[in-house]
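Notes for the structure review
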Amino acid sequence: MTNFPPPGAGDPSTARGSHPDATADGAAAAPTASSDPTDLADPTVPTLDDVVDTGDPVIDTSNDGLDDGINRCPKCGSTDVQLRATAGELICLFCRHQWSEARLDETIENRDLTTLTGTTIGSGASDIDASVDVVMTMKCSGCGAEVVVNTAESMTARCHWCRHVLTVNEQIPNGAVPDAVLPFAITHEDAVGRIKAFAGKRKLFADRAFAAEFKPENIVGVYMPYMVVDSNASADISGEGEIQTRKYTRGSGDNEETVYDADRYEVRRHVDFTVDDLTVESSAERANFDASANTNNIINTILPFDTENAVKWNASYLTGYTSEKRDQDVAHLVPEVEDQLLSIARSQVEPSVKQFDRGVRWEVEKLDVHGTRWVSMYLPVWLYSYYHEVKGKGMVHYIAVNGRTGEVMGSVPVSHKRLLAAAVSVGGVIDAGIIAIMVASS
């Protein structure tokens, strides 16, 4: 969900030839610095690291209505509350009353992103304190008993005396309680059907053990930890573009070669842009894409989520699901956010360099972040995992379903022998040879 203000009129690119189309129509204003592109790497210009270090204010996103650790039904007072995914609302299991927490965007200030400056961090996104234990003791307001909750495993517990359900809603600084939660909208039954369909399309070449042991009913609903970032930024990028002027051949027979003549141009672009709800993983384990051991990367292929519909934190949304707490602070995620902002900047200027038909090689990039806002959020994912081992080497394969949109992506262990047999049966000699090499090396 990105919102780019329309770029201003641009200065001509500095031509190294005389092509009349050297200026890109609609390009953003070029930097006013020297025409030498290396001037863009000015160390005095602030980056995201500089902005983060300013220590700007924290947004209080705590849910004051749940500060006693008990989420009561507003109609009957029962504490047996959980999410009803089909409605996206909480439901009282006693009187069946349904309600929802307010959307986070409705409870915190939302200003024009073009005016965003400094760094603002939600109270649930504050730095993790390593000294805070994941195990906490809560006092039941119903009977006064003390109840122990291991936040690494669950965010709710039932009082063993009065049977009240206690929920962890205090934003303790161990990364377990975010600013907001995006509730599941896809039911278990729906997710099972989507995973069955996904695996079924790949059944022909799937490993036989996987096909025999595949049980999609064992999927788990998981709330994954993310940072959701708004940003107001500018970028200057420069490089070299080429426009083809002639194409011809030299020589003949085996010595024939094609020759291209082109004019070269120095290309510089400046773009101002804002980004709304950039989603970044805040779990180091899930962000570790080790292709030799797991297929974690599939989690990000089911993006995006409708994060604008996230609601204020209430642990009752997690009843019946599991969750992973974040272990990354804002400072840890700065490099990833900067990379993504630069990618957005490059895509924004792409339409302005189409006349360079032989492409543009960007050589110098400078990002200037004027302001950011960070909130931590739990996003819903249905996850199926399967451990597959071949010749003593194991890999965990995942199939994931976006808990809001139903988007499915995953990895299924493949039988290389089946692939080889299929290639041979259709006469694919070259393909068969390649697959035979894969089988021998696996």
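Up top you'll find the structure we're talking about.
Since we're looking at a predicted model, the values are computed, not measured.

What counts, and at which threshold
Residues numbered from 1 in each chain as written. Predicted model: local features only at pLDDT ≥ 70, side-chain atom pairs only at ≥ 80, totals over all residues. Heavy atoms only, no water. Helix = DSSP H or I, 4+ residues; strand = E, 2+ residues; numbered from the N terminus. Buried < 20%, exposed > 50% of the residue type's maximum accessible area, 1.4 Å probe, protein only. Contact = heavy atoms within 4.5 Å. Expected span 1.5 Å × (residues − 1). Salt bridge = Lys/Arg side-chain N within 4 Å of Asp/Glu carboxyl O. Phe/Tyr/Trp six-rings, centres within 6.5 Å; stacked < 30°, edge-to-face > 60°. Lys NZ or Arg CZ within 6 Å of the ring centre and 35° of its normal.

**Examining the environment of Gly239**
Within the secondary structure, Gly239 sits in strand S13 (residues 220-250). Taking the relative accessible area as the measure of exposure, Gly239 reaches 4% and is therefore buried. Gly239 sits 126 residues away from Glu365 along the chain, and the two C-alpha atoms are 8.9 Å apart. Dropping the residues within four chain positions of it, Gly239 is found in contact with Tyr265, Glu266, Val267, Arg361, Trp362 and Glu363.

**So, helix H3 (residues 188-200)**
The terminal C-alpha atoms of H3, which comprises 13 residues, lie 18 Å apart, in line with the 18 Å expected from a rise of 1.5 Å per residue. On its buried face, H3 sits against helix H4 (208-213), strand S17 (360-390), strand S18 (393-402) and strand S19 (408-410).

**Observations concerning the pattern of salt bridges**
This model, assessed by the stated rule, comprises 15 salt bridges. One salt bridge connects Asp261 with Arg246, and the closest N-O pair in it is separated by 3.1 Å. Of the two residues, Asp261 is situated in strand S14 (residues 257-281) and Arg246 in strand S13; the sequence distance between them amounts to 15 residues. Here Arg246 falls in the partly exposed class, since its relative accessible area comes to 45%. Of the charged contacts, one joins Arg404 and Asp306 as a salt bridge, the two residues approaching to 2.8 Å between their closest N and O atoms. Of the two residues, Arg404 is situated in the loop between S18 and S19 and Asp306 in the loop between helix H5 (284-287) and strand S15 (311-312); the sequence distance between them amounts to 98 residues. Connected through shared salt-bridge partners, Glu240, Glu242, Arg264, Arg358, Arg361 and Glu363 make up one network.

**A few points about the packing of aromatic side chains**
On inspection of all chains with the given rule, the structure shows 11 aromatic pairs. Aromatic side chains Phe184 and Tyr321 sit 4.3 Å apart centroid to centroid with 5° between the ring planes, which places their arrangement in the stacked category. Placement of the pair is Phe184 in the loop between strand S12 (180-181) and H3 and Tyr321 in the loop between S15 and strand S16 (322-323), with a sequence separation of 137 residues. Judged by its relative accessible area of 0%, Phe184 falls in the buried class. Between Phe214 and Tyr384, the aromatic rings sit 5.2 Å apart at their centres with planes inclined by 75°, giving edge-to-face as the arrangement. Of this pair, Phe214 sits in the loop between H4 and S13 while Tyr384 sits in strand S17, and the two are 170 residues apart along the sequence. The buried category is assigned to Tyr384, whose relative accessible area is 5%. By way of ring pairs, the aromatic residues Phe184, Tyr223, Trp313, Tyr321, Tyr378 and Trp382 are connected into one cluster. Sitting over the ring of Phe198, Arg202 keeps its end group 3.7 Å from the ring centre.

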